Amino acid sequence: MSSAAFYLISAIILGGALAMITSRSLVRSVIWMVVSFVGVGALFLLLEAEFIAAVQILVYAGGIVVLFLFVVMLVNLDELQRVEYLHRQWLPAVLLICLLLAELGFMMWAGAGDTVVPLPDQDQLDAVLRSVRGGNVETIGMTLYTDYILPFEVVSVLLLVAMIGAIYLAKERV
Amino acid sequence: MNNTWLSDYVIIPLILILAILAIFPLLVGYIVYVERKVLAFIQSRLGPMRVGPYGLLQPIADALKLLTKEDIAPRNADVFVFKIAPIILLVIGFTGLAFLPMGEGFELFGYDVSLSIVDVNVGVLFLLAIMSLSTYSLVLGGWASNSKYPLLGALRSAAQMVSYEVALTFTILATLLLAGTLSMSGIIDAQREAGLWYIFVQPVGFVLFIIAMVAETNRLPFDLPEADTELVAGYFTEYSGFRWSFFMLGEYAAMVVMSGLLVTLYLGGWMRPFPNVELLSFLDFIPGFTWFVLKVGFFIYFFIWLRGTYPRYRYDQLMGLGWKVFIPVSIANLFITALAIIVMDSVFG
Amino acid sequence: MPAPEKSWAATALFTDLITGLWTTLRYTFKPNVTVRYPLERSVLHPNFRGILRVDDDLCIACFLCEKICPDNCIVLEGEKGLGKGSKYATYFYLDHARCLFCGLCEEVCPVDAIYHSNEFEGAVFNRADLVHDLAILHKGHAIVHYER
């Protein structure tokens, strides 16, 4: 059941991503990107990580891509559609893809004999979830604010710097 | 994978989903009818009276008219995007309905029927996530029409919804701090345990939520994306027939979802008034679903009432209000709530 | 007129917004003023200036109405009475397509022969039908009540 769902969702994600990069219209690319992002959210949901799934949709699909859409809508589409697709980059692109596929294939081949670690069954998962009150929201919260407080704060400062920089750049023209 | 799994996760939700899909369009028709009636009464008119007694069959006549209209796409439109945009809004609106806890569970033919179709432990967050996607429908619909008024409406809707989402989220966060959970039914349970609705703890949050809710659903006095008097009909100017009705359905679904969220967060969801007062326990025979419908119905009426009362805001006023008033006030509200919780915890243990 | 000063407390408590809501709520329950015309007809004021009628027994063909009419919609001819005592109108045409229902003819008439009736349903399919001759002006035109 869940593996069937996994393959279905993966097909949606990959299909969305493929349609995104092959679509000639930028706006359609953005739509396919949203499809892909929502698919990733569904994948998180399948892993019983509801919080991350919701945040994935809220932040990526609902927030960031809207801004993409804004930019795409306001640039001159006709000009962009005339630009050659793989502009002198197809050779490195193909090489890199071959390298990636080879790497993945090697991993699969090398790991073929390994014993598969069984996924924890439902009862075990429930027990883990029950041990932390409120499910994975609280787990993530506790982890972020205790063990990983320094990286968390560094990322916050980074975002703040980016924001101030953006405001500064926009302010110049006023 | 036994029988209860199948009934709990597949059959009963499926029945509920089909019920909502079947009932809701009709319900929206009658919300529109009530809207026209109430607006008429506010203006000392009668409203629809011709089709059926007191115009009661008007929604059906409207629906038939919409369904028989031609499905037009403008010549220079991006037809694919143009056609899917209303569908996105409709799907999002209906998905949002699934998250509302509409009543206490009950037993039917030996099966536990839960009236909240999806009760995940991050329900509020999911609802917000789903609702945030509705911007796409408006923006894409407005852009794909390839016409100036829809594009202006689309830009306004995106800016407005993104701005007010911030205030809305901060407001909700304060309530979530009180409840200590992100689950919709968990919030109701928390209010039952606390013995009072959160409107009495979070009056500022309640008012902020109402205003942000009106802005999020693009209703008057914040209906700038539509703004009939200046933008014809905003993002759905070029739509006709059933695609237009999809936009309307989506808008009313969003109204119902936001009202439902408001009721869940601040008014105890499907619980009767004053759930801890023994004196009122004679009201217990009324099923929770009734209370839910009454409360949501009141806020639908409130939407209409606002529409009949206030003129539309100017665009810069709307943005100024959102960024300079609502966001600071909602953040202050969040801080004060958090502080109060810490103080209460440390004083009373 | 400058907007009246508002205290910050009034702003924070939305007093003006709530006043607005209260006003609309009161109006919601006030009686409606709509008259559902084909099903019910409003009560007309006695001074209502409806379709013109002429009582040709009274008319003395003095031409005052024809002269005062700002739209020149009245055309009449009269002759000395044969047993009637005074002049009387031999023909009298009134074009309601031109009439602006100002009431001057009614006012100027020395014998109150021309007067506004309380009828307002004068719609016809043919423009020529709007020109009323003496017979129609006397007994009133055939009123088609709009039903449904």
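A short tour of the structure in this document, coming up. What you see as residue numbers is a count from 1 along each chain, following the sequence as written. For naming, the first written chain is A and the first written ligand is 1, with later ones following in the order written. Thresholds applied to this predicted model are a pLDDT of at least 70 for local features of residues and 80 or more for the giving and counting of side-chain atom pairs; totals over whole chains, interfaces and linings are not thresholded and use all residues. Values reported for side chains reflect all heavy atoms of the structure, with hydrogen atoms and water molecules removed beforehand.

## Some remarks on the overall build of chain C
Working step 1: When helices and strands are tallied, chain C shows five helices and five strands.
Working step 2: The order of α-helices and β-strands along chain C, N terminus first, is α-α-β-α-β-β-α-β-β-α.
Working step 3: Accessibility here uses a 1.4 Å probe with only protein chains present; expressed as a share of the type maximum, an area under 20% marks a residue as buried, one over 50% as exposed, and anything in between as partly exposed. For chain C, with 148 residues in total, the buried portion stands at 28%.
Working step 4: Sequence separation of at least 24 residues holds for 67% of the intrachain contacts in chain C that already meet a minimum separation of 6.
Working step 5: Computed by Shrake-Rupley with a 1.4 Å probe, the accessible areas treat only the displayed protein chains as cover when residues are assessed. A total of about 10,200 Å² of accessible surface is found on chain C, and carbon and sulfur atoms cover 60% of it. Strands here are runs of E lasting at least two residues and helices are runs of H or I lasting at least four, both read from the DSSP assignment and numbered beginning at the N terminus. In this analysis, two residues are considered to be in contact whenever any of their non-hydrogen atoms come within 4.5 Å of each other.

## Details of helix 7 (residues 184-194) of chain B
Working step 1: Of the residues making up helix 7 of chain B, those classed as buried are Met184(B), Ser185(B), Gly186(B), Ile187(B), Ile188(B), Ala190(B) and Gln191(B).
Working step 2: Elements that come into contact with the buried residues of helix 7 of chain B comprise helix 4 (123-132), helix 6 (148-179) and helix 10 (241-266) of chain B.

## Some remarks on the interface of chain B and chain C
Working step 1: If you look at the interface, chain B gives 16 residues, while chain C gives 16 residues.
Working step 2: Taken together, the two surfaces of chain B and chain C that pack against each other cover about 1,500 Å², and 62% of this comes from carbon and sulfur.
Working step 3: Salt bridges, as used here, are contacts in which a Lys or Arg side-chain nitrogen is within 4 Å of a carboxyl oxygen on Asp or Glu. Summed over the shared surface of chain B and chain C, the number is zero salt bridges.
Working step 4: Side-chain atoms alone can form a polar contact between residues adjacent in sequence; in general such a contact is a pair of N or O atoms within 3.5 Å, and within protein one must be able to donate a hydrogen while the other accepts it. Here chain B is connected to chain C by six residue pairs in polar contact (both at pLDDT 80 or more).
Working step 5: For the side of chain B that touches chain C, the secondary-structure elements that each account for two or more residues are helix 1 (3-42), helix 8 (203-216) and helix 11 (288-309) of chain B.
Working step 6: For this classification, Asp, Glu, Lys and Arg are treated as charged, while Ala, Val, Leu, Ile, Met, Phe, Trp, Tyr, Cys and Pro are nonpolar and the rest, including Gly, are polar. Grouping the amino acids of the side of chain B that touches chain C by side-chain chemistry returns eleven nonpolar, three polar and two charged. Buried area adds together the accessible area that both of two parts lose upon being put together, with accessible area traced by a 1.4 Å probe.

## A look at the packing of helix 8 of chain B against helix 12 (residues 315-348) of chain B
Residue and element names in this part refer to chain B.
Working step 1: Under this scheme, a helix contributes an axis fitted over its contacting stretch, all axes are lines through C-alpha atoms, and angles between N-to-C directions fall in the 0 to 180 degree range. In the contact formed by helix 8 and helix 12, the axes pass within 10 Å of each other and the chain directions differ by 145°. Crossing of helix 8 against helix 12: the hand is left-handed. Contacts between helix 8 and helix 12 involve Val204, Gly205, Leu208 and Ile211 from the first element and Phe326, Val329, Ser330 and Asn333 from the second.
Working step 2: Looking at the contact of helix 8 with helix 12 residue by residue, the class counts come to five nonpolar, three polar and no charged. Note: crossing handedness is left-handed where the near helix turns anticlockwise from the far helix by less than a right angle, and right-handed where it turns clockwise.

## Points about the side chain of Ser245(B)
Residues and elements named next belong to chain B.
Working step 1: Mapped onto the fold, serine 245 is located in helix 10.
Working step 2: Take serine 245: its relative accessible area is 16%, and that puts it in the buried class.
Working step 3: A distance of 2.6 Å separates a polar atom in the side chain of serine 245 from the backbone oxygen of phenylalanine 242.

## Comments concerning the layout of surface pockets
Working step 1: In this analysis, the protein atoms alone were mapped onto a 1 Å grid. Cavities are point sets where a 1.4 Å probe fits without being able to get out; pockets are open sets with protein on both sides within 12 Å along at least five of seven lines; lining residues have an atom within 4 Å of a point. Grid points are joined across faces, edges and corners, and a volume is the space filled by probe spheres set on the points. If you add up the space inside the second largest pocket, you get close to 2,600 Å³.
Working step 2: For the lining of the second largest pocket, the secondary structure elements donating two or more residues are helix 3 (50-74), helix 7 (136-147) and helix 8 (149-172) of chain A together with helix 4, helix 6 and helix 12 of chain B.
Working step 3: Examining the composition of the lining of the second largest pocket, we find that twelve residues originate from one element, helix 6 of chain B, more than from any other.
Working step 4: A domain split of the lining of the second largest pocket shows at least three residues from each of domain 1 (1-84) and domain 2 (133-174) of chain A. Domain start and end points were adopted from an automatic or database domain assignment.

## Overview of the interface of chain A and chain B
For interface size, the figure often reported is the accessible area lost on association.
Working step 1: At the interface, 30 residues of chain A touch 26 residues of chain B.
Working step 2: It is Arg28(A), Leu58(A) and Met73(A) in chain A that bury the most area against chain B; as a group they hold 22% of the surface buried on that side.
Working step 3: Linking chain A with chain B are zero salt bridges.
Working step 4: For the pair chain A and chain B, the number of links is two residue pairs in polar contact (both at pLDDT 80 or more).
Working step 5: For the side of chain A that touches chain B, the elements supplying multiple residues, two or more each, are helix 2 (26-46), helix 3 and helix 7 of chain A.
Working step 6: Tallying contributions element by element places helix 3 of chain A first for the side of chain A that touches chain B, with 16 residues.
Working step 7: Among the residues making up the side of chain A that touches chain B, the classes are represented as 23 nonpolar, four polar and three charged.

## A look at the side chain of Lys295(B)
Working step 1: Looking at the secondary structure, you find Lys295(B) in helix 11.
Working step 2: Setting aside residues up to four positions removed in sequence, Lys295(B) forms contacts with Trp197(B), Val263(B), Leu267(B), Gly268(B), Gly269(B), Trp270(B) and Met271(B).

## What to know about the nonpolar core
Working step 1: We call a set of buried residues a nonpolar core when its members are Ala, Val, Leu, Ile, Met, Phe, Trp, Tyr or Cys and they connect through side-chain atoms within 4.5 Å of each other. Among the nonpolar cores identified, the biggest contains 119 residues, and Ile172(B), Phe209(B) and Tyr266(B) are the most heavily contacted of them.
Working step 2: With 16 residues, the single largest contributor to this core is helix 10 of chain B.
Working step 3: The residues touching Tyr266(B), leaving out its near neighbours within four places in the chain, are Thr171(B), Thr175(B), Gln191(B), Trp197(B), Tyr198(B), Ile199(B), Gln202(B), Gly205(B), Phe206(B) and Phe209(B).
Working step 4: Of all hydrophobic cores here, the second largest spans 20 residues; its members include Leu52(C), Ala61(C), Cys105(C) and Leu134(C).

## So, empty space enclosed by the protein
Residue and element names in this part refer to chain B.
Working step 1: Counted under the stated rule, the structure contains four cavities of 30 Å³ or more.
Working step 2: Taken as a whole, the largest cavity holds about 150 Å³ of empty space.
Working step 3: Taken together, 15 residues make up the lining of the largest cavity; nearest its centre are Leu89, Ser134, Met161, Glu216 and Ala254.
Working step 4: Those elements giving two or more residues to the lining of the largest cavity turn out to be helix 3 (79-98), helix 5 (134-144) and helix 10.
Working step 5: Counting residues per element, the lining of the largest cavity draws most heavily on helix 10, at four residues.

## Describing the packing of helix 4 of chain B against helix 6 of chain B
Residue and element names in this part refer to chain B.
Working step 1: Where helix 4 meets helix 6, the axes come as close as 12 Å, and the angle between the chain directions of the two elements is 170°. The angle between helix 4 and helix 6 falls in the class roughly antiparallel. Packed against helix 4, whose contacting residues are Val124, Leu128 and Ser132, the element helix 6 presents Glu165, Leu168, Thr169, Ile172 and Leu176 at the interface.
Working step 2: A class-by-class count of the residues in the contact of helix 4 with helix 6 yields five nonpolar, two polar and one charged. What sets the label is the angle itself: under 35 degrees gives roughly parallel, over 145 gives roughly antiparallel, 65 to 115 gives roughly perpendicular, and the rest give oblique.

## Topic: the pattern of salt bridges
Residues and elements named next belong to chain B.
Working step 1: Counted according to the given criterion, the structure contains ten salt bridges over all chains.
Working step 2: The partner of aspartate 71 in a salt bridge is arginine 243, with the nearest N and O atoms 3.1 Å apart. Highlighted residues: aspartate 71 in the loop between helix 2 (58-68) and helix 3 and arginine 243 in helix 10, separated in sequence by 172 residues.
Working step 3: The exposure class assigned to aspartate 71 is partly exposed, which follows from its relative accessible area of 28%.
Working step 4: Among the ionic pairs, aspartate 316 bridges to arginine 314, the shortest N-O distance being 2.8 Å.

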